[in-house]
Structures are given as structure tokens and as C-alpha cells.
Amino acid sequence: MVAFDQVSKGYGSVRAVDGLSLALHPGETVALLGPNGAGKSTTLDLLLGLKNADSGTVRLFGAAPREALVAGRVGAMLQSGGLMDGVTVAELVRLAHDLHPRPYPVADVLARAGLTGIAGRKVDKLSGGQAQRVRFALATVGDSDLIVLDEPTTGMDVTARQAFWATMREQAGQGRTVLFATHYLEEADAAADRVLVLHRGRLLADGTAAEIKARAGVRRISFDLDGPADEDALRSLPCLTSADISGRTVRLQSADADATVHALYGLGLCPRNLEVAGLGLEQAFVALTAAEEARTS
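Residues numbered from 1 in each chain as written. Predicted model: local features only at pLDDT ≥ 70, side-chain atom pairs only at ≥ 80, totals over all residues. Heavy atoms only, no water.

## Structural notes on the environment of Arg272
The cut-off we apply is this: The secondary structure listing takes helices from DSSP runs of H or I that are at least 4 residues long and strands from runs of E that are at least 2 residues long, numbered from the N terminus. We call a residue buried when its accessible area falls under 20% of the maximum for its residue type, exposed when it is over 50%, and partly exposed in between, using a 1.4 Å probe and counting protein chains only. Whether two residues are in contact is decided by their heavy atoms, any of which lying within 4.5 Å being enough. Counting of polar contacts relies on pairs of N or O atoms within 3.5 Å, with two restrictions inside protein: one atom must be capable of donating a hydrogen and the other of accepting it, and residues adjacent in sequence are counted only when both atoms are side-chain atoms.
Along the chain, the position of Arg272 falls in strand β13 (residues 272-278). A relative accessible area of 38% places Arg272 in the partly exposed class. In this structure the C-alpha to C-alpha distance between Arg272 and Thr249, which are 23 residues apart in sequence, comes to 9.6 Å. Ignoring anything within four residues of it in the chain, the contact list for Arg272 reads Phe223, Asp224, Leu225 and Asp226. A polar side-chain atom of Arg272 sits 2.6 Å from a polar atom in the side chain of Asp226.

Structure (C-alpha cells):
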């Protein structure tokens, strides 16, 4: 469905995308993650034909991106996408409906995006979250095979975000591929069945959220102490990657939790409420990118 083959794109001396190769398949919900400057937005621009690669090839459905867009096979919601002033929500959705080769009924599009109640409001009078819902409506106005979303829930409240992801799961369940870039890593953890991590324009990790967490190779250890903590002793425990000591509560991250816990008891301490768990996706993401920064700096 989507294929990047050794794609590179630079801006002067900055290489935003650097030899990127990846493929997306029908029915996947894929999260695109990376720190600021990792190349996420440039990758989406290349995928949508908004920018041309310096080298390598990008193909959508076996053809150039613009061909897929003209055929209505791709719906997109971008951070940089402006909205037309001076028209109502319904008028703007109607325009997108009329331009799409395979449109859904306008009333259905408005309802799915939670816009029915503000369909008569001028677009330039909307809140940030409402404007995001309009962008979502424009991205899903027709029967597209691929939906591309750049920071889709920015500005939405909790209820709107939950409704948005329920709709996205429905879209993926119908066989569509959903690709979204986000800074809300809890959304990626909950919604994506595949996670791509970019770092300096390169693909750093590709797998399920569970695989990304396991790849970080770090586990969390938390416990309480009966008395004041000996911070020096705790920070000297083997295999630690970080330590957060607040009064009698201790939270550690370790590359070898077994060795750390064994040494902890060797200090003669009696930790209470001891928990050892894998990292969440956010902590794993931070660990992976920090390790890559250290390796390449």
C-alpha cells in the first residue's frame, strides 16, 4: 500500500529524511513517533506528494503519490493544513464532498466528526479542538483506503479524543490503513498495532508497542522504605539507568532488574510494595532515542 525505498530529503545541510525504507499494509493502524526534528512531518509530506524526494522512491498503491490522491484513495489531516475563512462548517465539508470521487453523505461525515451541532458555524469562529474535528471530517469525507493524520488530537478534550480514536478503530476495522504521527505516546500505545520510531530521519525501531518496549531493554523498579533512604547506596546499585528517590519512595530504571534487586537486598534493606515492570511506551521511546543520541554524538 505504501512503500518508501531508500528515500532521502534534505534542506541545505540538514538531512530531514535519510535513506528511509518502510512499507505499510492494508488494515494497519501505524503510529509514527520521533522527537522534534526526527523527520515525521517531512516523511508525511513525501508520502502525500507535497514534497519530492532528493533520492529514492515513494509509491502509493504502486503509483506516484499524486495519482493516488487524485483517485481519492488517500485522506489526510495535516498540522499545516489551513481552513477556508468565511464559510460554514457544512459548506466546507460539502465542498470536499463534491470534490471527492467516492464521497460519503455530508450528514454522515458531520455526525462522525461530531460536527452536526456546529454545522452552521463559520469556520473562522471555531475553537482549536473544533477546527481539528473539521480537519478530520475533510480527511474522511470519502471512501479512502489510506488515512494520514499529523498530530490529529491536538486541542481536543478527553471526550473528543476518545470519540476520535473509536472512529479510527472503526475505519481500520473496515480494512483501511491509518498512519498517524503524534506526541501523545499513550495514544500510540493504545491505538496502534504497529509503531515506527524515527530518529534524525532514519527508522530507529519498527514493531508492536510491546516489541518497542522490550527492545528498550530497561525495566522499572519501585518500592517504599521504612526509613530514610541512603541515596548514595541506592544510586550505586548495579545496572541502573536512572533513579528517582523522593523521601521513602524509590523509583529506579535498570538494564538488569534481577541484578539490581539482588543487590538491593544485599544492602540489608527491606523494600515494601516492591514492583518490577516493563517500561511504558513513553519511557521506552525516551530510552531508545537517548541511547541513539549517545551512540551517534
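Here the narrative resumes, following the displayed structure.
## Some remarks on the packing of aromatic side chains
Definition in use: Under the pairing criterion, centres of Phe, Tyr and Trp rings, with the six-membered ring standing for Trp, must be within 6.5 Å; the plane angle then separates stacked pairs below 30 degrees from edge-to-face pairs above 60, leaving the rest tilted. To sit over a ring, a charge needs its Lys NZ or Arg CZ within 6 Å of the ring centre and within 35 degrees of the ring normal.
All chains considered together, the criterion is met by 3 aromatic pairs. Taken together through their ring pairs, the aromatic side chains of Phe136, Phe164, Trp165 and Phe180 make up a single cluster. The ring of Phe61 carries the charged tip of Arg73 above its face, separated from the ring centre by 3.8 Å.

## As for the sheet that holds strand β1 (residues 2-11)
Rules: One requirement defines pairing of two strands: DSSP has to find at least two bridges between them. A fitted line through C-alpha atoms serves as each axis, taken over the contacting stretch for helices, and the angle formed by two N-to-C directions is quoted from 0 to 180°.
Taken in spatial order, the 3 strands make up an open sheet running β2-β1-β4, and their pairing is antiparallel. With one partner strand each, in any of the chains shown, β2 (14-24) and β4 (55-60) form the two edges of the open sheet. With direction set aside, neighbouring strand axes in the sheet form an average angle of 25°. Pairing of β1 with β2 involves 7 bridges; the strand directions are antiparallel. By the bridge assignment, Gly10 is partnered in β2 with Arg15. Its contacts with the sheet place helix α1 (residues 40-47) against β1, β2 and β4, and it is angled at close to 120° to β1.

## Remarks on a nonpolar patch on the surface
Just so we agree on the cut-off: A patch consists of residues exposed above 30% relative accessible area that lack any salt bridge, with like charges linked at up to 9 Å and nonpolar side chains (Val, Leu, Ile, Met, Phe, Trp, Tyr) linked at up to 5 Å. The Shrake-Rupley method, run with a 1.4 Å probe sphere, supplies the accessible areas, and residue values consider only the shown protein chains as cover. Each salt bridge in this description consists of a side-chain nitrogen of Lys or Arg and a carboxyl oxygen of Asp or Glu lying within 4 Å of one another.
Residues Met84, Leu95 and Leu99 make up a contiguous nonpolar surface patch of roughly 300 Å² in combined accessible area. Tracing the sequence through the fold places Leu99 in helix α3 (residues 89-99). Residue classification places Leu99 among the exposed positions, given a relative accessible area of 66%.

## A word on the nonpolar core
What counts here: Joining through side-chain atoms within 4.5 Å is the link that ties buried Ala, Val, Leu, Ile, Met, Phe, Trp, Tyr and Cys residues into a set, and such a set is a nonpolar core.
Of all hydrophobic cores here, the largest spans 51 residues; its most connected members are Leu33, Val89, Val93, Leu115, Leu149, Phe180 and Val195. Element by element, the count of residues in this core is highest for helix α5 (residues 128-139), at 5 residues. With near-sequence residues (within four places) excluded, Val195 lies in contact with Ala31, Leu33, Ala205, Asp206, Gly207, Ala209 and Ile212. Counting 25 residues, the second largest nonpolar core, distinct from the first, contains Leu20, Leu22, Leu32 and Ala38.

## Side note on the packing of α3 against α5
To keep it simple, the criterion reads: Note on angle classes: values under 35 degrees are labelled roughly parallel, values over 145 roughly antiparallel, values of 65 to 115 roughly perpendicular, and the remainder oblique. By definition, any crossing whose near helix is turned counterclockwise from its far helix by less than a right angle is left-handed, and any crossing with a clockwise turn is right-handed. For this scheme, ten residues count as nonpolar: Ala, Val, Leu, Ile, Met, Phe, Trp, Tyr, Cys and Pro. Four count as charged, namely Asp, Glu, Lys and Arg, and the remainder, Gly too, count as polar.
Taken N-terminus to C-terminus, the directions of α3 and α5 make an angle of 25°; their axes are 9 Å apart at the nearest point. In terms of orientation, α3 lies roughly parallel with respect to α5. Our pair here, α3 against α5, has a crossing hand that is right-handed. Listed contacts from α5 to Val89, Leu92, Val93 and Ala96 of α3 are Val134, Ala137 and Leu138. Across the contact of α3 with α5, the residue classes tally to 7 nonpolar, no polar and no charged.

## Here's the deal with α3
Quick note on the threshold: It is the directions from the helix axis to the C-beta atoms that the arc portrays.
Residues of α3 that are buried: Val89, Leu92, Val93, Ala96 and His97. The buried side chains of α3 occupy one side of the element, clustering within an arc of 145° when seen end-on. Exposed and facing more than 90 degrees away from the buried side of α3 are Asp98 and Leu99. Where α3 is buried, its residues touch α4 (106-112) and α5.

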